[in-house]
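# Fold and geometry: a report
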Amino acid sequence: MIHLSPPVPWTTAFVYALPHGVVVGCHLPSGPDPVSAEVLSRLVPAERTFAMSLRAYRQVQFVGGRLALSVAFAELGCRRAAVLSDSFGAPILPESLVGSITHKQDLAVGLVARGRVGVGVDLEDTDRVRPGVAERVLTPSELAAVKALVPSRQWVDTVVRFSVKESVYKAIHPALRRYVGFGEVEVWPGTDGCDRVEPLVPDVAAFRFEARHTWIGERVLSTVRAEPR
Ligand SMILES: CC(C)(COP(=O)(O)OP(=O)(O)OC[C@H]1O[C@@H](n2cnc3c(N)ncnc32)[C@H](O)[C@@H]1OP(=O)(O)O)[C@@H](O)C(=O)NCCC(=O)NCCS
C-alpha cells in the first residue's frame, strides 16, 4: 500500500522504489485553471514550451507527469532531461532510461527505471462499478474466472486486470507501434501483488512480462516490465 502526503497541489505525493522502477506521485490542483508561471518554470525548456500549447486538464496532467518524472530522475541520480512524446503519445526518455506516466484528476504518477526494457504504469479507481467494462476488456476465460469470484471481489479483480493490461500496452506499444487489443493478453492477478501476463498473439509473446499491482487507498497502481525474449 502506497501512502500519500497531504494533498497540496504540485507537491510530491509519494516516492517509492518498486521492483519495476522508481515511482513518484505529484498532487494536482482540483481545477483546470492554467498552470502558473512559477510551476511551469520547474519544467525544462522544451517541456515548458509544449506545456504552454496545452489547455485545461490536459495541461495540468502533462505538467504533473513531468514533475513526477523529474523527482524520479533525481532519485536515480540522473540528470534531468526533457521528456516529450512520440507521435503515438508515449513518453521519450533519455538514452539508458525508460519510463511511463499515468494520471487521474488529482494525481499524476511517473515511473522511471534504468535499462532498455519496456515499462508501463497505470492507475485506476475501484470505487464505482462500471457496467459493461468487464465484457469489453476481459477474454472469455478471464470473464469466467471473475464470475466465479464472490460478487464483492468481481469488480476489483476486473480493474486489476484492466490496469495491468493498460500498463502492458504502455510497455510494449513503443516497440510494436501497433494497437494492442484487450483480447490479445490475459492477466491473472496474484494475491501477493505479482500478476501473470499471458500473451495470446505471437508479437506480444515475443516479450517476457513481469507485472505487479499495489494500492493507493482504493486505487490500483500497476507496473509492468516487458523484456524482449
Ligand atoms: C494509451 C492508453 C494506454 C493510455 O491510458 P489512459 O488510461 O487513457 O491514460 P493514463 O493517464 O493512464 O496514461 C496517459 C499517459 O500514457 C502515456 N501514453 C500515451 N500513449 C502511449 C503509448 N502509445 N505508449 C506508451 N505510453 C503512452 C503518456 O505518457 C500519457 O501521459 P502524457 O500524455 O501526459 O505523457 C489508453 O488510452 C489506450 O489507448 N488503451 C487501449 C489499449 C490498451 O490498453 N490495450 C490493452 C492491451 S493488453
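Since the model is a prediction, treat every value here as computed from it, not as a measurement.

Rules of the game
Residues numbered from 1 in each chain as written. Predicted model: local features only at pLDDT ≥ 70, side-chain atom pairs only at ≥ 80, totals over all residues. Heavy atoms only, no water. Pairing = 2+ DSSP bridges. Helix = DSSP H or I, 4+ residues; strand = E, 2+ residues; numbered from the N terminus. Axes fitted to C-alpha atoms, helices over the stretch in contact; angles between N-to-C directions. Contact = heavy atoms within 4.5 Å. 1 Å grid on protein atoms, 1.4 Å probe; cavity = no way out; pocket = protein on both sides within 12 Å on 5 of 7 lines; lining within 4 Å. Points joined across faces, edges and corners; volume = space filled by probe spheres on them. Nonpolar A, V, L, I, M, F, W, Y, C, P; charged D, E, K, R; others polar. Domains from an automatic or database assignment. Buried area = accessible area lost by both parts, 1.4 Å probe. Salt bridge = Lys/Arg side-chain N within 4 Å of Asp/Glu carboxyl O.

Strand pairing in a sheet is mediated by backbone hydrogen bonds. Such pairs are either parallel or antiparallel. With respect to topology, five strands assemble into an open sheet ordered β5-β9-β8-β7-β6, the strand pairing being antiparallel. At either margin of the open sheet sits one strand with a lone partner, and together these are β5 (118–125) and β6 (185–188). Mean inter-strand twist for the sheet, computed between neighbouring axes without regard to direction, equals 25°. Relative to strand β8 (residues 207–216), strand β7 (residues 194–199) is paired through two bridges, and the arrangement is antiparallel. From the neighbouring strand, Cys 194 faces β8, where its bridge partner is Arg 212. With respect to the sheet, helix α6 (residues 151–176) is in contact with β5, β6, β7, β8 and β9 (219–228), its orientation differing from that of β5 by roughly 150°.

Turning our attention to the layout of surface pockets. Approximately 520 Å³ is the volume found for the largest pocket. Only β3 (97–104), β5, α6 and β9 provide two or more residues apiece to the lining of the largest pocket. Counting residues per element, the lining of the largest pocket draws most heavily on α6, which supplies four residues. Class assignment of the residues belonging to the lining of the largest pocket gives a composition of 15 nonpolar, four polar and five charged. Each of domain 1 (12–116) and domain 2 (122–228) accounts for three or more of the residues forming the lining of the largest pocket. Each pocket or cavity is described by its volume, and for the second largest pocket that value is around 370 Å³. What lines the second largest pocket is a set of 16 residues, and nearest its centre among them are Gly 89, Ala 90, Pro 91, Ile 101 and Lys 170. Going through the elements one at a time, α3 (56–75), β3 and α6 are the ones with two or more residues in the lining of the second largest pocket.

Interface size is commonly expressed as the accessible area that is lost once the parts come together. Along its sequence, the protein chain is organised into domain 1 (12–116) and domain 2 (122–228). Each of domain 1 and domain 2 was reduced to a C-alpha centroid, and the two centroids are 23 Å apart. On the domain 2 side, the residues contacting the 16 residues of domain 1 number 17 residues. Around 1400 Å² of area is buried between domain 1 and domain 2 when both sides are counted, 64% of it from carbon and sulfur atoms. When the buried area of domain 1 at its contact with domain 2 is split by residue, His 20, Phe 88 and Lys 104 rank highest and sum to 43% of it. For the pair domain 1 and domain 2, the number of links is three salt bridges. Two residues, Asp 86 and Arg 177, come together in a salt bridge whose shortest N-O distance is 3.8 Å.

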